[in-house]
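Fold and contact review
What follows is each chain in one-letter form.
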Amino acid sequence: MNLGYIELKIDLLKTLFLAICTFYTFLKISSYKDLDKKVTIKSFIFMFLIAVAVIVIKNISNPIIAATCLIFLLSTLFSIVFKSNFGYATLTTTISLSINYVLFFIAIIISYIINKIHIIKNDYINLLLIVIIQSLLLYRVLNIKRLKHGITFFNKNSQDEYFDIIILNIAVIIVFSFIICTTADSMKIRSLFLSFLIFAIIMVITIQKSIQLYYKKKLLVRELEETKTELDNKTQEVKSLEKEILDFNKRSHSIAHKQKALEYKLNQMMLKSETAEEIDIKDRLENISNEINEGTTNVKLAKTEVMEIDDMLSFMQSECEKSNIEFNLQITGNIFTMINHHIPKEELEILIADHVKDAIIAINHSDNINKSILVKLGFVDESYGIYIYDSGIEFEKETLENLGKVPYTTHKDEGGTGMGFMNTFDTLRKHNASLIINELGKPSKENYTKVIMIKFDNKNEFKIISYKDSVNSEK
């Protein structure tokens with residue numbers, strides 16, 4: 001009875017020690033820090049009660065059920081103490097317990113060797129020796145460089161279920177193999193311990209390879225994330241460069257119009273300082289040109305009294321003359337009111353140039369004998385705006401679909417860049433203006449084919465009105 005009592009106490013102390021070591025291992029591999037001292041003391045008290053309960057269960061049933069209860073009870077305790085979900089606590093507890101069973105087994109072997117050299121007959125001293133050896137081994141193992149700050153794939157935020165399953169299976173096999181070994185009869189004890197030793201070595205190698213594989217995978221994931229980040233950055237750089245190029249093209253497009261208008265004005269000023277002989281030659285050339293153009297005359301344009309606008313309109317008229325296109329201008333209202341309250345003169349200048357140039361290209365691609373452009377500028381249809389009528393070809397479907405979205409033109413050979421409408425939509429958005437394209441009819445000698453209406457009405461609308469089964473859209 002006394003011997004049984006001693007064995008019971010030793011078994012209780014061994015179970016309590018394993019529970020404490022499991023607690024410490026759980027704490028280390030999960031990277032928990034600054035655990036409250038009161039919580040630690042309470043945990044030790046509960047671990048003692050768990051150890052008592054496990055010993056009672058072991059004596060009334062069998063060691064395997066006792067080991068299962070130990071895992072369940074410790075998992076429940078750790079789940080509460082470390083505020084983690086029960087599944088994670090069970091996984092980490094099982095792994096922590098298996099580590100300590102392996103170290104306990106190694107400590108028994110070392111203790112056995114020491115016992116052979118220095119015979120110790122006291123069971124308590126033998127247990128103390130095993131405890132000291134296991135404690136030193138556990139401390140050394142958990143302070144390895146890779147384990148010192150916890151094991152990454154035991155972290156609560158880890159989503160790697162593949163490694164969880166592998167390590168959990170290994171841990172469960174270790175725990176129950178140890179239980180079977182320690183409860184087997186003496187005839188099979190050597191073979192069982194040998195089997196357990198071999199399995200422990202295999203487990204260590206498997207864990208090592210699993211860790212290596214995990215870190216390789218983690219490195220690959222990190223490299224993929226870095227590559228993705230770098231690709232995203234490059235994509236943003238490309239988009240930024242594309243925007244810069246587009247902005248540069250818009251500015252260049254606008255500057256080109258102004259440059260041509262100024263060149264035209266400079267030529268006109270130079271012509272005014274001609275000699276009598278040069279004037280005579282010029283008059284003769286104009287007479288010949290008039291005969292060729294069947295008497296087409298240069299219509300004197302109305303003045304807006306805004307020098308830059310008048311210069312641009314004069315230049316556009318001269319461009320029309322080169323293609324034998326009649327250019328007419330109607331001014332209503334006060335243009336100074338328009339440029340002071342609705343659109344700056346620089347932007348109005350570019351709108352005129354862009355859309356008159358488009359109208360010239362449209363007429364040059366038409367077989368219509370009616371070659372004419374009309375510009376209405378000022379207060380039209382109850383709001384300030386600019387209307388450009390022309391007798392050229394109609395818009396193609398692709399052109400209408402791409403208006404204001406990307407630079408698009410079907411007449412690159414004639415100097416079309418597609419930047420005109422890009423600039424126009426920027427201006428519309430800036431001043432909350434509307435654009436209406438009205439297709440009036442097929443090319444004819446009596447009428448215009450279309451009109452581009454830009455209205456500063458604070459509606460920011462885009463409409464297409466057509467004589468064909470009306471294509472009507474909002475933008």
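Up top you'll find the structure we're talking about.
Cut-offs used in this document
Residues numbered from 1 in each chain as written. Predicted model: local features only at pLDDT ≥ 70, side-chain atom pairs only at ≥ 80, totals over all residues. Heavy atoms only, no water. Helix = DSSP H or I, 4+ residues; strand = E, 2+ residues; numbered from the N terminus. Buried < 20%, exposed > 50% of the residue type's maximum accessible area, 1.4 Å probe, protein only. Contact = heavy atoms within 4.5 Å. Areas by Shrake-Rupley, 256 points an atom, 1.4 Å probe, with all protein chains shown as cover. Pairing = 2+ DSSP bridges. Axes fitted to C-alpha atoms, helices over the stretch in contact; angles between N-to-C directions. Core = buried A, V, L, I, M, F, W, Y, C linked by side-chain atoms within 4.5 Å. Expected span 1.5 Å × (residues − 1). Salt bridge = Lys/Arg side-chain N within 4 Å of Asp/Glu carboxyl O. Parallel < 35°, antiparallel > 145°, perpendicular 65-115°, else oblique. Left-handed = near helix turned anticlockwise from the far one by under 90°. Phe/Tyr/Trp six-rings, centres within 6.5 Å; stacked < 30°, edge-to-face > 60°. Lys NZ or Arg CZ within 6 Å of the ring centre and 35° of its normal. Patch = residues over 30% accessible without salt bridge, like charges linked within 9 Å, V, L, I, M, F, W, Y side chains within 5 Å.

Helix and strand counts for the chain stand at 13 helices and 6 strands. Within the chain, buried positions represent 39% of all 475 residues. Of the contacts formed within the chain by residues at least 6 apart in sequence, a portion of 71% connects residues at least 24 apart. Total accessible area computed for the chain in this model is approximately 28000 Å², and 60% of it derives from carbon and sulfur atoms.

Attention now moves to the sheet that holds strand 4 (residues 434-439). Read from one edge of the open sheet, 6 strands run 1-2-3-5-4-6, paired in mixed fashion. Both outer strands of the open sheet, strand 1 (326-332) and strand 6 (462-466), are each paired with one neighbouring strand and no more. Neighbour-to-neighbour, the strand axes of this sheet turn through a mean angle of 10°, independent of strand direction. Note that strand 4 and strand 5 (residues 450-455) share 6 bridges and pair antiparallel. Residue pairing in the sheet places Leu 435 in a bridge with Ile 454 of strand 5. Together, strand 1 and strand 2 (372-380) form the strand contacts of helix 9 (residues 307-322), whose direction differs from that of strand 1 by roughly 155°. Its contacts with the sheet place helix 13 (residues 419-431) against strand 4, strand 5 and strand 6, and it is angled at close to 135° to strand 4.

Right, let's talk about the nonpolar core for a bit. Core analysis: the biggest nonpolar cluster contains 43 residues, and Phe 327, Ile 352, Val 356, Ile 373 and Leu 435 have the highest contact counts within it. Looking at which element gives the most residues to this core, the answer is helix 11 (residues 345-364), with 8 residues. Formed by 26 residues, the second largest nonpolar core is a distinct cluster that contains Leu 18, Met 47, Ala 51 and Val 54.

Between its terminal C-alpha atoms helix 9 stretches 23 Å, which fits the 22 Å expected from 16 residues at 1.5 Å a residue. All of the buried residues in helix 9 are Ile 309, Asp 310, Asp 311, Met 312, Leu 313, Ser 314, Phe 315, Met 316, Gln 317, Ser 318 and Cys 320.

The subject of this paragraph is the pattern of salt bridges. Taken as a whole and judged by the stated rule, the model has 9 salt bridges. Notably, a salt bridge pairs Lys 58 with Asp 11, separated by 2.9 Å at the nearest N-O pair. You can see Lys 58 sitting in helix 2 (residues 37-60) and its partner Asp 11 sitting in helix 1 (residues 2-29), a full 47 residues away along the chain. The buried category is assigned to Asp 11, whose relative accessible area is 15%. Each of Asp 11, Lys 14 and Lys 58 takes part in one network of salt bridges that share partners.

So, on to the packing of helix 3 (residues 63-81) against helix 4 (residues 86-117). Relative to each other, helix 3 and helix 4 sit at 125°, their axes nearing to 8 Å. Here helix 4 runs oblique to helix 3, going by the angle between their axes. In this structure, the crossing between helix 3 and helix 4 has a hand that is right-handed. Packed against helix 3, whose contacting residues are Leu 70, Ile 71, Phe 72, Leu 74, Ser 75, Thr 76, Phe 78 and Ser 79, the element helix 4 presents Phe 86, Ala 89, Thr 90, Thr 93, Thr 94, Leu 97 and Tyr 101 at the interface.

By the definition in use, this model includes 9 aromatic pairs. Here the aromatic rings of Phe 425 and Phe 462 are separated by 5.4 Å at their centres, their planes lie at 75°, and the arrangement is edge-to-face. A residue pair is termed long-range when its members are at least 10 positions apart, and Phe 425 in helix 13 and Phe 462 in strand 6 qualify at 37 residues. You can call Phe 425 buried: its relative accessible area is 4%. Members of the aromatic cluster, connected to one another through ring pairs, are Phe 23, Phe 26, Phe 44, Phe 78 and Phe 82. Here Lys 450 stacks its cationic end above the ring of Phe 395, 5.4 Å away from the centre of that ring.

Taken together, the side chains of Ile 41, Ile 45, Phe 46, Phe 48, Leu 49, Val 52, Val 56 and Ile 60 present a nonpolar region at the surface, about 770 Å² in accessible area. Structurally, the position occupied by Ile 41 is in helix 2.

Our focus in this paragraph is helix 13. For helix 13, built from 13 residues, the straight-helix expectation of 18 Å at 1.5 Å per residue is met to within 8% by its first-to-last C-alpha distance of 19 Å. Taken across its 13 residues, helix 13 has 10 buried, putting it largely inside the fold. Residues of helix 13 that are buried: Met 419, Gly 420, Phe 421, Met 422, Asn 423, Thr 424, Phe 425, Thr 427, Leu 428 and His 431.

Time to look at the pairing of strand 5. The element strand 5 is largely enclosed, with a buried count of 6 among its 6 residues. Residues Lys 450, Ile 452 and Ile 454 point to one face of strand 5 and Val 451, Met 453 and Lys 455 to the other, with burial holding for every one of them. Of the strand pairs in this sheet, strand 3 (residues 383-390) and strand 5 are connected by 6 bridges, and their pairing is antiparallel. Bridge assignment links Tyr 389 to a residue of strand 5, and that residue is Val 451.

Here Ser 96 lies in helix 4. Among the residues examined, Ser 96 registers a relative accessible area of 0% and is labelled buried.

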